[in-house]
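Each chain is listed here by its residues.
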Amino acid sequence: MRRSKFFMPTLKEIPAEAQIPSHRLMLRAGMVRQTAAGIYSWLPMGYRVLKKIEQIVREEMDATGAQEILMPTIQPAELWRESGRYDDYGKEMLRITDRHGRDMLYGPTNEEQITDIFRKTVRSYRDLPKLLYHIQWKFRDEVRPRFGVMRGREFLMKDSYSFDLDYESARRSYNKMFVSYLRTFARMGLTPIPMAADSGAIGGDMSHEFIILADTGESAVYCDKAWFNTDPLSLDIDFDADLQSIVDRWTELYAAADEKHDPATCPVDADQLYTGRGIEVGHIFNFGTKYSKSMGATVSNSEGQEVPVEMGSYGIGVSRLVGAIIEASHDAVGIIWPPSVAPFQVGLINLRAGDAGCDAVCQQLYDGLAAANIETLYDDRDERAGVKFAEMDLIGLPWQIAVGPRGVKAGTVEIKQRGGEREEVPAESALARLT
Ligand code: ATP
Ligand code: MG
């Protein structure tokens, strides 16, 4: 992509309304624009990242055997009256009336809707277990939308739902999601920390929140420093096997939120205890038969009896992750994208656009990068070098290649990893360094 053609409305001023780094950087880098409080439009730079995150989530869901569906954003109030949540949900629910006077709502989540689909389609234990997911926009009329996309009113969520015949099978489904979440967040360059969570009014005893550490997070976190040396991607996973031993290993290390942490009983020594803040990027829970009972989602078991199905739901804040990753990975001058979610891998900087030599070397590199399928943003504008370098640092692409007249004469270009040191290399070997 040529920078001269790319729609990336960057800001020089620090936007006054943005209180935390990720919000400021997303606005400055032209990733999003606010449409109304907590409602954002995604511009090309932001949308590219959102899609990368979504794709990692999708791949890791598919790996567990979960199947992707897409349910609508607008739901009939009727379903929520059946579960009893229409009144319980309160003001966070955006309620809509259609032209026939029917009560509708913009879904804040989809338990009722998926339970309705299930009860109309699945009859027998032979069709279980089932794991379904979708990636769809949600609306919650948050009291205080803030921190940009991290606490929006409209936001993109991956939500999956499991259906099992009994508790033992439900536990296996839960464990699949647990392990898949570890992998999903690790692939985004994050260190996920699962913390046992209250399953609250919803009942059941399997519930974890996945937290990533960031000073600006909304949750207090107390955890063993050993968490920083964990690597979920080092695990060899067979999703058809019983994953309990892996889950046990990952819940052995201490991690607790404010409500659950008690210094008097904390098993971790003070010098080994990390105390800080975190961002909730995912939440999984098993809620047993809460919805299947109230909404009549039953299957016949092997004895021919009708039994309510065991369910769980599992959310990931896809759009929140864009902000969360920036919170976890930035410096004083801009974003530092982990390569797996970076909008482009390389920023190619022409330090003297219009100079025949620089143009030719850049074009050659640009073509070579395209041929190697390396997404590149080529800054071909007639701008000062300082402006271009500052913008590249701001948008945080993993690699920068700078081509200037002096280097062109000597047959070299400058190459730099975001956050690292500049290095002069022969122009021909620049590509090889990246591939
Ligand atoms: P929170 O405590 O942050 O409000 P929640 O418990 O309401 O989260 P869930 O209902 O479990 O969240 O939703 C699943 C995931 O969706 C959360 O883990 C979070 O990553 C994301 N999420 C929830 N609310 C928002 C929001 N207002 N804006 C962006 N993402 C959100
Ligand atoms: Mg909430």
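Note that the structure is a prediction, hence the values are computed from the model and not measured. (Residues numbered from 1 in each chain as written. Chains lettered and ligands numbered in written order. Predicted model: local features only at pLDDT ≥ 70, side-chain atom pairs only at ≥ 80, totals over all residues. Heavy atoms only, no water.)

Caption draft 1: Seen up close, the overall build of the protein. A tally of regular secondary structure across the protein gives 13 helices and 23 strands. Relative to the compact-globule value of 22 Å for 435 residues, the protein shows a C-alpha radius of gyration of 25 Å, a close match. Principal axes of the C-alpha set define a box for the protein whose edges measure 80 × 60 × 40 Å. Counting only residues that meet the buried cut, the protein has 55% of its 435 residues in that class. Sequence-distant contacts in the protein: of pairs separated by 6 or more residues, those separated by 24 or more amount to 70%. For the protein, the exposed surface amounts to about 19,300 Å²; the carbon and sulfur share of it is 48%. (Helix = DSSP H or I, 4+ residues; strand = E, 2+ residues; numbered from the N terminus. Rg over C-alpha atoms; globule rule 2.2 N^0.38 Å. Buried < 20%, exposed > 50% of the residue type's maximum accessible area, 1.4 Å probe, protein only. Contact = heavy atoms within 4.5 Å. Areas by Shrake-Rupley, 256 points an atom, 1.4 Å probe, with all protein chains shown as cover.)

Caption draft 2: Focus on the layout of surface pockets. Quantified by volume, the largest pocket comes out at close to 1,200 Å³. In terms of lining residues, the largest pocket is bounded by 50 residues, among which Arg140, Glu209, Glu280, His283 and Phe285 are the most central. Take the lining of the largest pocket: its biggest share by element is seven residues, from strand S13 (residues 273-288). For the lining of the largest pocket, the residue count by class is 20 nonpolar, 14 polar and 16 charged. (1 Å grid on protein atoms, 1.4 Å probe; cavity = no way out; pocket = protein on both sides within 12 Å on 5 of 7 lines; lining within 4 Å. Points joined across faces, edges and corners; volume = space filled by probe spheres on them. Nonpolar A, V, L, I, M, F, W, Y, C, P; charged D, E, K, R; others polar.)

Caption draft 3: Molecular detail of the packing of helix H10 (residues 356-371) against helix H13 (residues 427-434). The geometry of H10 relative to H13 is characterised by a closest axis approach of 10 Å and an angle of 25 degrees between their N-to-C directions. When the interaxial angle is binned, H10 and H13 end up roughly parallel. Considering only the axes of H10 and H13, their crossing is right-handed. Here Leu365, Gly368 and Leu369 of H10 come into contact with H13, specifically with Ala427, Ala430, Leu431 and Leu434. In terms of residue class, the contact of H10 with H13 is built from six nonpolar, one polar and no charged. (Axes fitted to C-alpha atoms, helices over the stretch in contact; angles between N-to-C directions. Parallel < 35°, antiparallel > 145°, perpendicular 65-115°, else oblique. Left-handed = near helix turned anticlockwise from the far one by under 90°.)

Caption draft 4: Summary view of the side chain of Gln113. With respect to the secondary-structure elements, Gln113 resides in helix H5 (residues 111-121). Given the relative accessible area of 7%, Gln113 is considered buried. Here Gln75 takes part through its side chain, which lies 3.5 Å from a polar atom of the side chain of Gln113. Sequence-distant contacts of Gln113, that is, excluding residues within four places in its chain, are made with Met71, Pro72, Ile74, Gln75 and Leu79. (Polar contact = N/O pair within 3.5 Å; in protein donor to acceptor, adjacent residues only side chain to side chain.)

Caption draft 5: Representation of the site of ligand 1 within the structure. Taken together, 14 residues sit near ligand 1, with Arg140, Glu142, Arg151, Gly152 and Glu280 positioned nearest. Between ligand 1 and the protein, one listed contact pairs a nitrogen atom with a backbone N or O atom of Met150 at 3.4 Å. Between Arg151 and ligand 1, the recorded distance is 2.7 Å, taken from a side-chain N or O atom to an oxygen atom. Contact with the protein chains removes 80% of the 590 Å² of surface that ligand 1 exposes when unbound. Of all the cavities here, the one that holds ligand 1 is the largest pocket. Ranked by the residues each element gives to the shell around ligand 1, the list is headed by S13, at four residues. (Near = heavy atom within 4 Å. Sits in = over half its atoms within 2 Å of the grid points.)

Caption draft 6: Local environment of the pairing of strand S11 (residues 219-224). Along S11, six of the six residues are buried, which leaves the element largely enclosed by surrounding structure. In S11, alternate side chains face the same way, and those of Ser219, Val221 and Cys223 on one face and Ala220, Tyr222 and Asp224 on the other are all buried.

Caption draft 7: Broad picture of the sheet that holds strand S19 (residues 346-350). Ordered by their spatial adjacency, five strands build an open sheet running S20-S19-S21-S22-S23, and the pairing between neighbours is mixed. Edge positions in the sheet fall to strand S20 (376-379) and strand S23 (422-426), since each of these pairs with one other strand and no more. For this sheet, the mean angle separating the axes of adjacent strands, direction not counted, is 25 degrees. As paired elements, S19 and strand S21 (residues 399-403) share five bridges and run parallel to each other. Across the sheet, the residue bridging to Ile349 is Ala402, located in S21. Here H10 sits on the sheet and contacts S19, S20, S21 and strand S22 (412-417); the angle it forms with S19, its principal contact strand, is near 165 degrees. (Pairing = 2+ DSSP bridges.)

Caption draft 8: Examining the side chain of Arg171 more closely. Along the chain, Arg171 falls in helix H6 (residues 167-187). At 2.4 Å, the side chain of Arg171 forms a polar contact with the side chain of Glu168. Filtering out sequence-adjacent residues up to four positions away, Arg171 remains in contact with Met206, Asp242 and Gln244.

Caption draft 9: Summary view of empty space enclosed by the protein. Using the criterion set out here, one finds one cavity of 30 Å³ or more in the structure. Quantified by volume, the largest cavity comes out at close to 40 Å³. Across the lining of the largest cavity, the residue classes break down as four nonpolar, one polar and one charged.

Caption draft 10: Just the sheet that holds strand S4 (residues 74-76), in detail. Taken in spatial order, the three strands make up an open sheet running S4-S6-S5, and their pairing is antiparallel. The strands lining the two open edges of the sheet, one partner per strand, are S4 and strand S5 (94-97). Ignoring strand direction, the axes of neighbouring strands in this sheet form an average angle of 35 degrees. For S4 and strand S6 (residues 103-106), the ladder comprises three bridges, and the chain directions are antiparallel. In the sheet register, Gln75 faces S6, and the bridge partner there is Leu105.

Caption draft 11: Region of interest: the packing of helix H2 (residues 44-63) against H6. Between H2 and H6, the shortest axis-to-axis distance is 9 Å and the interhelical angle comes to 150 degrees. Classed by the angle they form, the pair H2 and H6 counts as roughly antiparallel. Crossing of H2 over H6 shows right-handed handedness. Contacts between H2 and H6 involve Ile56, Val57, Glu59, Glu60 and Met61 on the former and, on the latter, Met177, Ser180, Tyr181, Arg183, Thr184 and Arg187.

Remember that the coordinates give geometry; whether it matters functionally is a separate question.
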